[in-house]
Amino acid sequence: MSRRRTDSQGSLGPDDEAMPYSDDETDDELAVSSEGEPEAPPGAPHPPVETRPSDMGWKVKANDRAYHQLPEFQKKVFLCIKKSRYSGNAIKTYKYNAFTFLPLNLYEQLKRAANLYFLALLILQIIPEISTLPWYTTLIPLVVVLGVTAIKDLVDDLARHRMDKEINNRKSEVLLNGRFQEAKWRDIQVGDVVRMKKNDFIPADILLLSSSNPNSLCYVETAELDGETNLKFKMGLRVTDERLQEERQLAEFNALIECEEPNNRLDKFLGMMLWNREQYPLELDNMLLRGCKVRNTEECHGLVIFAGADTKIMRNGGKTRFKRTKIDELMNYMVYTIFALLLLVAAGLAIGHTYWYEDIGSKAWYLYDGKDQDASYRGFLSFWGYIIVLNTMVPISLYVSVEVIRLGQSKFINWDLQMYFAEKDTPAKARTTTLNEQLGQIEYIFSDKTGTLTQNIMAFKKCTIAGRSYGDPTTAEGVSLDRGRPVDWSWNRYADKKFQFMDNYLVAHVRSKKDRDAMEFFKLLSLCHTVMVENKDGELVYQAASPDEGALVTAARNFGFVFLSRTQDTITIREMDQETTYEMLALLDFNSDRKRMSIILKFPDGRIRLYCKGADTVIYERLAPNSRHKETTQTALDVFANETLRTLCLCYKDISAQEYEAWSRKHKDAQLTLSNRDAALDRVYEQIENNLMLIGATAIEDKLQDGVPETIAKLAKADIKIWVLTGDKKETAENIGYSCSLLTDDMQIHYGEDVNEKLSIRQANRRNEPQTVYRRKKKPAEPFFTQPGKNALIITGGWLNEILYEKKKKRRRLRLRRLGKRPPPSSPQDGQPMNDLEKEMRQIDFVDMACECEAVICCRVTPKQKANVVSLVKKYKKAVTLSIGDGANDVNMIKTADIGVGISGQEGMQAVMSSDYAFAQFRYLQRLLLVHGRWSYIRMCKFLRFFFFKNFAFTLVHFWYSFFSGYSSQDVNDRLSLKFPKLYLPGQQGTLFNYKNFFISLFHGIFVSLIIFFIPYGAFLQTMGQDGEAPSDYQSFAVVTASSLIFTVNLQISLDTSYWTFVNCFAVLGSIAIYFGIMFDIHSAGIHVIFPSIFTFTGAASNALRQPYLWLTIILTVGISLLPVICIQFLHKTIWPSVGDKVQRNRKKYEMELEEKEKKKQPSAFQRGRRSRRSAYAFSHSRGYADLISSGRSIRRRPAARGGPQDSIREVPHREAENI
């Protein structure tokens, strides 16, 4: 089936490839960007501007610590106390220290309603007139509850202290007193010069000054920032590279850096270096960011610009939010409800006591206590007395019991061997113990892509050459196999041994040198690229700007076309056994608009040829009419797309010397253009990239983590919606959406322009409605997609800002402020929100539309936007959300969601440090939610229902008396929980514990308390003991009622237990045994001798329980209490069974099916053979290395004083063109 697509290409909206500005833009920056221009789309790129030093608010003086302590750099902290505005390099993620732990922790705990209530109760019990129970009966439980929680909080915080200490105590070399000395990270300050070596983590945001590489090139790995393992390059300024290589030169370095204030933008840095009366512009390519790792660079030097909390990685962390579960919030409201009931009951009993004392108590001589108090005052005192007696209605042990249960559930997650990743020795880790049951209520998952869904490893899988497809398992003779063996590369001493390819026929075909097309195919792959090569101990090491490029060049290398070296104007390869050097005439770099790259080469025999690779959509438009194999290659591309492989078309063109000379002159003119140079170059490139001859196409697999498609499919069956939020490009994100089965061919995909149009129509209709109707009558929202079928949303960060009105009003206000005007009120025509309510309605509309879709992918989004999307869904859908990621750019999103999950085992640990749960593979998420989350939720709900029932049943016995005086909840096992994801739905809907269940527990408790009180009461009225005397003392009565209650509650728990273990049996039988043991002890003669004034009822228990009819009374009471429950449960499971009941009923059958399924061979995750007309182009390469390679400014010789001349490679800013 062909996939329907609503495209937005060619629109005048935001640039889909540009990362939108984040919320940390300065007003100056916004003002400059909008000066003299019409309202720019929020996603559009802005050209660099020459910023005057006076506009820069951050000043850093090299090698001068005292400079940063000057009064002008001080900021007020509290009253007259000031400190430097420059942060130290120590980071702090802990909550408490030795002085603040006790007061802060007590304050946090007393915010819980029950704890505050029992503190007030303790104060009441100290007052003798109203105290009905000793004060220590409240003090001891309260201290235990507060103490257990405090210890748990202390253990959690000590772990944070340890992690902070480990990071802050890392070592680095700092230039102090004229020489490099080893110092701890926490001692590094802004303005220090530091030396970093290969594989060192970068301790702060540092301006690169020089390195051991030619022209101060430095490679960094950004896994901790964005999860990507391909290397990025950074470049020192030419002036610092030439003058700051020796220790003495670095010690004399005294430049002043003026730059932007600390912000969270990972994609931007602007500054100016003033040194020796000269000014040098600085940009992001000159900066090494904290959290990155130095790679393939023996040594480099840098100047600390931002430290500690001011670094970009820490600025992206967002606020640490105190997370509470829905059940926690519900429990607090229920405690308020119980407290209100307690006040009503106590008030009713106090009023009753007042009337009783007036009518009876004051006239009964045997009740006279010697106090001259009237009935009203006695009623007032009895009110407080009943508050104390009935205090068990508000459960003091509830919170500590909940914490103990959560701790146990966390241990189950930590001990789960099925979530242990042996390859990296990484177990699952519950980093918090307070959110486990919330795992059973997740409705939305927000996932990063790179490093979370994918491994960020590209593998060359298949190709089509001259109309024939290769890549399936075959023998060297071309016979197809079901299961082949990988190619043996022993014949090629340059081969990468990790590279696996299953088609032995293609290898034999290339080695035979008979097929010119195949030879040309791999020659193109070895020549048309921007990869850098390094020779280490005889091994070739490739440095690619993207993993795609690296995979293609590695494939060519294994097939015998080995890229060996390059200079500014040559490129050398080994073609099978022959080494050949080609002259590089021009390198036409890749960018997101062109979607292709080309190289023009002069062959040793004088021929000039252009090689080009790019997306099928742009290559096919530029093919010559007589180009062959177009149809067969398109068919192969469709097959590759259906298998979710990433494709590139390869083609060539022979150019005459005259044609090249004419084009070269135009190219040089375009390079000299001062305005819109990139656009001019693109127009010139178009003139040469035409009439191309198609060779074939490559198919690369962007390797998903194991089990990702199956996990997403299973979570979807549990009605959990998955949104992907990534900084990657649209094509890449879309391709991964298909790979992991998030997107399917039968979905209609809606892009930014279509979404904006639909929302604008809805907004216009709302504006046209009468205001009174609009405000008074909230009609249910109509669906945005009325046609049947599945829908998906793919939206870029630029369009997200456009749709949600981010930045528009601010830009407009700044422009008007500069012109000295007041902003006029918005009108419906200017595309602005009329007011805050309209902006809010727009956000609600967007969330509603997105939630109607089966899949949502937000690409090219900033860390701040990721967090905003999560908060919008939380705010307007009141849904429980989970975010999962692996890099520092995911930290804000992880902290914003109700549950944050970090992918551990990667080199970047920033996401794990901020997460609530951590494990090594995305596939473990299904077990975390569908097994541990579901079980934790069920266990907690059952516990709370029984807890409230037990408390009401116990406490209300006192209420009735006042008229006459005064764990296991695993329903099905883990395998069935995964087989039937629908079992997860009750958690999302919150059906197992809510106010309805609370009041059922209340009425159940009232019913049981009535039975437990009145049946023994009736028995004691009309009975006679074996000794002829009626046991009418209230202590014997108390023994019978208490025993009935213990049996009833424990049997009630037993009725609801699905799986019996040793722990269950011990808990139930042990509770009964401990009760009888304590009861006989407190009625024994021995304890009466020790405490004669307290334990006065010697032998009451043994005397009462010797009477057979009292045992009969207990059995009758328990039976009548449990009978209605048994009947209701039977009817529910027989007539109205839940999904869980049905699965439990057929448990053995389903388990046998699972065992049989495991014995069979698992089918492939992909369905092959369906036709799909979508383009599978998804090239992650971004412009960059071509400038390093081909720019005339990029290559120069080092000064002779630095070890002799050598050719080297240097970067220029992206706006500079190539010089040939």
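All of these numbers come straight from a predicted model, not from anything done at the bench.

### Comments concerning the overall build of the protein chain
Scanning the protein chain for helices and strands turns up 40 helices and 36 strands. Here the protein chain holds 1220 residues, and the buried ones make up 55% of them.

### Brief notes about the pattern of salt bridges
Applying the stated criterion to the full structure yields 42 salt bridges. Residue glutamate 520 is joined to arginine 609 by a salt bridge in which the shortest nitrogen-to-oxygen separation is 2.3 Å. Of this pair, glutamate 520 sits in helix H13 (residues 516-527) while arginine 609 is found in strand E27 (residues 608-614), placing the two residues 89 residues apart along the sequence. In this pair, the class of glutamate 520 matches that of arginine 609, namely buried. Among the salt bridges present, the one from lysine 874 reaches aspartate 898, with a minimum N-O distance of 3.9 Å.

### Brief notes about helix H25 (residues 836-852)
If you check H25, its first and last C-alpha atoms are 25 Å apart, about what 17 residues at 1.5 Å a residue would give, namely 24 Å. For H25, the full list of buried residues reads Glu838, Met841, Arg842, Gln843, Asp845, Phe846, Val847, Asp848, Met849, Ala850 and Cys851.

### Some points on the confidence of the model for the protein chain
Overall, the prediction assigns the protein chain a mean pLDDT of 77, with 78% of residues at 70 or greater. Scored below 50 in pLDDT, residues 1-11 makes 37 contacts in the model with residues more than four places away or belonging to other chains. Here residues 1192-1220 is modelled with pLDDT under 50, and outside its nearest four sequence neighbours on either side it reaches 104 contacts, counting other chains as well.

### Looking at the UniProt feature "binding site: Mg(2+)" (unreviewed entry) in the protein chain
Residues annotated in UniProt with the feature "binding site: Mg(2+)" (unreviewed entry) correspond here to Asp448, Thr450, Asp886 and Asp890. A stretch of 443 residues holds the annotated residues, and the largest C-alpha distance among them is 10.7 Å, short enough that they meet in one place. Structurally, the position occupied by aspartate 448 is in the loop between strand E18 (444-447) and strand E19 (454-465). A relative accessible area of 2% places aspartate 448 in the buried class. Ignoring sequence-local partners within four residues, the contact set of aspartate 448 consists of Leu453, Leu725, Thr726, Lys866, Ile884, Gly885, Asp886, Asp890 and Met893. Tracing the backbone through its elements, the reader meets aspartate 890 in the loop between strand E34 (881-885) and helix H27 (891-896). A relative accessible area of 0% means that aspartate 890 is categorised as buried. Ignoring sequence-local partners within four residues, the contact set of aspartate 890 consists of Asp448, Lys866 and Gly885. Among the polar contacts made by the side chain of aspartate 890, one reaches the side chain of lysine 866 at a distance of 2.7 Å.

### Some remarks on the side chain of aspartate 886
The residue aspartate 886 is located in the loop between E34 and H27 in this model. A polar side-chain atom of aspartate 886 sits 3.5 Å from a polar atom in the side chain of threonine 452.

### What to know about the environment of aspartate 669
Turning to its location among the elements, aspartate 669 is positioned in helix H17 (residues 657-671). It is 9.1 Å that separates the C-alpha atoms of aspartate 669 and alanine 680, two residues lying eleven residues apart in sequence.

### What to know about the nonpolar core
Membership of the largest hydrophobic core comes to 56 residues, with the highest contact counts inside it found for Phe253, Met273, Leu288, Leu303 and Ile305. Looking at this core, the element that brings in the most residues is strand E16 (residues 299-306), giving five residues. The contact partners of phenylalanine 253, leaving out residues within four places of it in the chain, are Ala62, Asn63, Leu209, Leu244, Met273, Trp275 and Leu303. Membership of the second largest hydrophobic core comes to 53 residues, among which are Phe521, Leu524, Leu527 and Ile599.

Rules behind the numbers
- Residues numbered from 1 in each chain as written.
- Predicted model: local features only at pLDDT ≥ 70, side-chain atom pairs only at ≥ 80, totals over all residues.
- Heavy atoms only, no water.
- Helix = DSSP H or I, 4+ residues; strand = E, 2+ residues; numbered from the N terminus.
- Buried < 20%, exposed > 50% of the residue type's maximum accessible area, 1.4 Å probe, protein only.
- Salt bridge = Lys/Arg side-chain N within 4 Å of Asp/Glu carboxyl O.
- Expected span 1.5 Å × (residues − 1).
- pLDDT = per-residue confidence, 0-100.
- Contact = heavy atoms within 4.5 Å.
- UniProt positions renumbered as here; feature names shortened; annotations may be inferred.
- Polar contact = N/O pair within 3.5 Å; in protein donor to acceptor, adjacent residues only side chain to side chain.
- Core = buried A, V, L, I, M, F, W, Y, C linked by side-chain atoms within 4.5 Å.

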